[in-house]
Structure formats: C-alpha cells, structure tokens
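# Structural characterization, general
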Amino acid sequence: MAAFKKLVFSGVQPTGNLHLGNYLGAIKRFVEMQERADCLYCVVDLHAITLWQNPAELRTQIREVTAAFIAAGIDPKRSIVFNQSQVPQHAELAWIFNCVARLGWLNRMTQFKDKAGKDRENASVGLYDYPVLMAADILAYRATHVPVGEDQKQHLELTRDIAQKFNTDFAESIEAHGHGEGFFPITEPLIGGPAARVMSLRDGTKKMSKSDPSDYSRINLTDDADAIAQKVRKAKTDPEPLPSEAAGLNGRPEADNLVGIFAALRGATREAVLAEYGGAQFSAFKGALVELAVESLSPLSAEMKRLVADPAHIDAVLADGSERAAAIAAPTLDAVKDIVGFVRRGR
Ligand code: TRP
C-alpha cells in the first residue's frame, strides 16, 4: 500500500436545524482535528436533495451550517470549508464509483431502508445512491480519516469496499500510471468520544434527531438559555441517583445520555463526571448540566447569528473553500480518468 498523507474529511447535511447531537458528535470534533491534520469540511448539499428540499430553505441552511462550523471554531483559512455542489468532481467521481460499487452492497445499507420507509418504490434514485456519493466525497481527496457518528459506520465500510475494489480492478493500470499499488487509501472512520451518539432527551434509546416531532427531544444550537434550561429540566430520567462508576450506567439509557452530554461538553470522561456527581439526585445534576450547556452553547449561537446576518461573507468563505477543494480534487479525477482508460483534454 502506498503511503498516504494524513487528511481528514467530513460532511454535514444542510437539512433542518442543527442540534446538540450534530455539535458534540461531529462539529466539536472537527475543530479538535485541525490541530492534528489538514482538514476538509463539506456542507453536503448534493446529499441534501436526495430528499426534497424547499429551495429557499436549502440555501439558508447551507449558510447556517457554514456559520455553525466557523462559530464552533473551524478556521476557514486553515481548514477547507466548502459546499459540495461547487466542486463538480464529487458528482463526477460518484458516477465512476457507481460502476465499481455492486447492487448487492447497496441493498444492505440500513440507512436507505430507514429513510425510504415502506414506500420504497417512491424513494429517489439519489437516496439509494447516497453512500456512493459519500465515498466519492472522501476519495476525491484521498482522505485517510473521517470523523463521523456511529450511524455512518456502514457507509464508511462501503467507502473502503469501493476503494479496495477500484484498487484491485484497475491494479495494472494504476501501476502503469506510476501510482504504486493502491490509488485510493482505505479510509479509517473516527468514531468515538463520550458523545459519539447523543440520544433524545425524551427517550434514551433513540438518537437525538431533527425529525423527532417533539422539540423537547433535542437542544437546537439556536436555542436560548431559557429553552435549554426547560428542555434539560424536562428531560426523561429514572428515579435512582447517579451511580459513582460508568458501569452503573448500564441499562439506564437516559442517565447514560445526560452524563455523556455533560462529559462531552466539558471535555472530560464519563468516569470523571461520575467521580464528581455519583450519588447526586438528577435535580442537582440537571442544574449543573443547564449551567454548563448554556455556558458552552450561548457564545456559539450568538456567533452563528452574527455570521448568518452577513450572507455575502459566508458565500465568500464557501467560494474560497470550493476553489481550494477543487485544486485537490481535480488532479485526482485526472488520474482516475487515465487509470480507467478515458481520453482527456490536455494529455
Ligand atoms: N452522510 C453523512 C451524515 O449524514 C454526511 C456526509 C456526506 C459525510 N458525505 C460525507 C460524512 C463524507 C463524512 C464523509 O452524517
């Protein structure tokens, strides 16, 4: 296997309001990655339209996700922040990968089954093909590491399968074009941290989700202090006090979730949180959680508001990021076209 430079890629869909799950499970970790590698963070608008989006709302949400990235601490000078539709290589590589991926592989994708629901015949072809586009997002940059939530694990495995099959199917041509043994890296998923899965505040067995009909199930990044306080105080719990050790959270999904959120916000482990709060009643713990959540999220939401008030600035960030992203993806696509056997201009 050729040596690949460490490169981080991740994406967030511009659909619906961002919530604490998006922040702790993804964006907050994106910020930390900047210290350790070159990073690309993509607002995946092509993925968004696999389910119909109101065009005006889509445009607003693309800018909102970008604002959330920047407000959370992603530095658009250091990292590449852009939206997918401005870099044509994503869709182009996705087509080539459509011819590498197998029907049987896609038929196993559980997220498609969940999202398509009962009326599968009426789902868009794009929704079915979603994971192939995701592989193209990552591999257009030959990214080596992808921080994602637990729910994206299966899609990352598909990305690895596509990279592997491309490397094998075209091994001779890859070699002949001087790319060593493997053209695409076998990407590592980075899943973890205390809040890899942030669960609903109403049901600790369900993921916190923008599509949950109850707004009390989630903390939105735009919620003010009062809303945060109300939602945390109303969050479902069990009657026992908090355990002193993490093992005591087994079988207590709501307690586990609140402790996980507290730990992630503070940048600590569950164990450290329980060393402090073990034996406490939920009323006391929730009070501390409200304080911590408000303190962490209000500067973020204030900065998001400030940024979205200046869409021209956001659009300039995306234009600059897209140009820098395309400068990396274009040579990858040129090489892929040579490997596959296409005839191209400028050769
Ligand atoms: N499917 C991802 C999600 O819903 C978003 C995404 C699209 C992504 N392309 C990606 C994440 C590439 C990581 C890498 O969370």
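Residues numbered from 1 in each chain as written. Predicted model: local features only at pLDDT ≥ 70, side-chain atom pairs only at ≥ 80, totals over all residues. Heavy atoms only, no water.

Check the secondary structure of the chain and you find 14 helices and 5 strands. The C-alpha radius of gyration computed for the chain amounts to 21 Å, which stays within 12% of the reference 20 Å derived for 347 residues, consistent with globular compactness. Summarising its shape, the C-alpha atoms of the chain cover approximately 70 × 45 × 45 Å along the three principal directions. Taken over 347 residues, the chain has a buried fraction of 51%. When contacts within the chain are restricted to residue pairs at least 6 apart in sequence, those whose partners lie at least 24 apart make up 76%. Accessible area of the chain: about 16,100 Å², with a carbon and sulfur share of 51%. Positive and negative charge centroids in the chain, built from 40 and 44 side chains respectively, lie 1 Å apart. (Helix = DSSP H or I, 4+ residues; strand = E, 2+ residues; numbered from the N terminus. Rg over C-alpha atoms; globule rule 2.2 N^0.38 Å. Buried < 20%, exposed > 50% of the residue type's maximum accessible area, 1.4 Å probe, protein only. Contact = heavy atoms within 4.5 Å. Areas by Shrake-Rupley, 256 points an atom, 1.4 Å probe, with all protein chains shown as cover. Lys, Arg positive; Asp, Glu negative; His and termini not counted. Charge placed at Lys NZ, Arg CZ, Asp CG, Glu CD.)

Let us look at the site of the ligand. Near the ligand there are 13 residues, and of these G11, Y130, M134, D137 and Q152 occur at the shortest range. At 2.6 Å from a nitrogen atom of the ligand is found a side-chain nitrogen or oxygen belonging to Y130. The contact in question runs from a nitrogen atom of the ligand to an N or O atom on the side chain of D137, over 2.7 Å. The protein chains hide 89% of the 370 Å² of surface that the ligand would expose on its own. Looking at the shell around the ligand, the elements with two or more residues in it are β1 (7-12) and α7 (125-139). Sorting elements by how many residues they give to the shell around the ligand places α7 first, with 4 residues. Looking at the shell around the ligand, its residues break down into 7 nonpolar, 5 polar and 1 charged. (Near = heavy atom within 4 Å. Polar contact = N/O pair within 3.5 Å; in protein donor to acceptor, adjacent residues only side chain to side chain. Nonpolar A, V, L, I, M, F, W, Y, C, P; charged D, E, K, R; others polar.)

Attention now moves to the side chain of T187. Relative to the elements of secondary structure, T187 occurs in the loop between α9 (171-176) and β5 (188-190). There is a polar contact of 3.0 Å between the side chain of T187 and the backbone oxygen of A143.

The subject of this paragraph is the packing of helix α3 (residues 55-72) against helix α13 (residues 282-308). In contact at an axis separation of 8 Å, α3 and α13 are set at 130° when each is read in the N-to-C sense. Classified by the interaxial angle, the pair formed by α3 and α13 is oblique. The crossing of α3 and α13 is right-handed. Contacts between α3 and α13 involve R63, E64, A67, A68, I70, A71 and A72 from the former and L300, E303, M304, L307 and V308 from the latter. Residue classes in the contact of α3 with α13 are distributed as 9 nonpolar, no polar and 3 charged. (Axes fitted to C-alpha atoms, helices over the stretch in contact; angles between N-to-C directions. Parallel < 35°, antiparallel > 145°, perpendicular 65-115°, else oblique. Left-handed = near helix turned anticlockwise from the far one by under 90°.)

So, about the packing of aromatic side chains. One pass over the full model with this rule turns up 16 aromatic pairs. Their ring planes at 15° and their centres at 5.5 Å tell us that F9 and Y141 sit as a pair that is stacked. Residue F9 is located in strand β1, and its partner Y141 is located in the loop between α7 and β4 (145-147); the two are separated by 132 residues in the primary sequence. As far as burial versus exposure is concerned, F9 and Y141 are alike and both buried. Centroid distance F30 to Y41: 4.5 Å. Interplanar angle 10°. Geometry classified as stacked. Highlighted residues: F30 in helix α1 (residues 20-33) and Y41 in strand β2 (residues 38-43), separated in sequence by 11 residues. (Phe/Tyr/Trp six-rings, centres within 6.5 Å; stacked < 30°, edge-to-face > 60°.)

Right, let's talk about the pattern of salt bridges for a bit. According to the stated counting rule, one finds 19 salt bridges in the structure shown. Here D212 and K206 are joined by a salt bridge, their closest N and O atoms 3.9 Å apart. Relative accessible area serves as the criterion here: at 43%, K206 is assigned to the partly exposed category. K231 is the salt-bridge partner of D223, the closest N and O atoms lying 2.6 Å from each other. We classify K231 as buried; its relative accessible area is 4%. Each member of the salt-bridge network shares a partner with another, and the members are D215, R218, D223 and K231. (Salt bridge = Lys/Arg side-chain N within 4 Å of Asp/Glu carboxyl O.)

Relative to the helices and strands, L58 is located in helix α3. Judged by its relative accessible area of 14%, L58 falls in the buried class. It is 30 Å that separates the C-alpha atoms of L58 and G192, two residues lying 134 residues apart in sequence. Discounting residues that sit within four places of it in the chain, L58 has contacts with P14, A48, I49 and Q53.

Our next topic: the environment of D75. Looking at the element boundaries, D75 is found in the loop between α3 and β3 (80-83). On a C-alpha basis, the gap between D75 and V31 in space is 8.2 Å, while along the polypeptide they are 44 residues apart.

We now examine unusual backbone geometry. Of note in the backbone geometry, R142 takes a positive phi value of approximately 50° without being a glycine. Its location among the elements puts R142 in the loop between α7 and β4.

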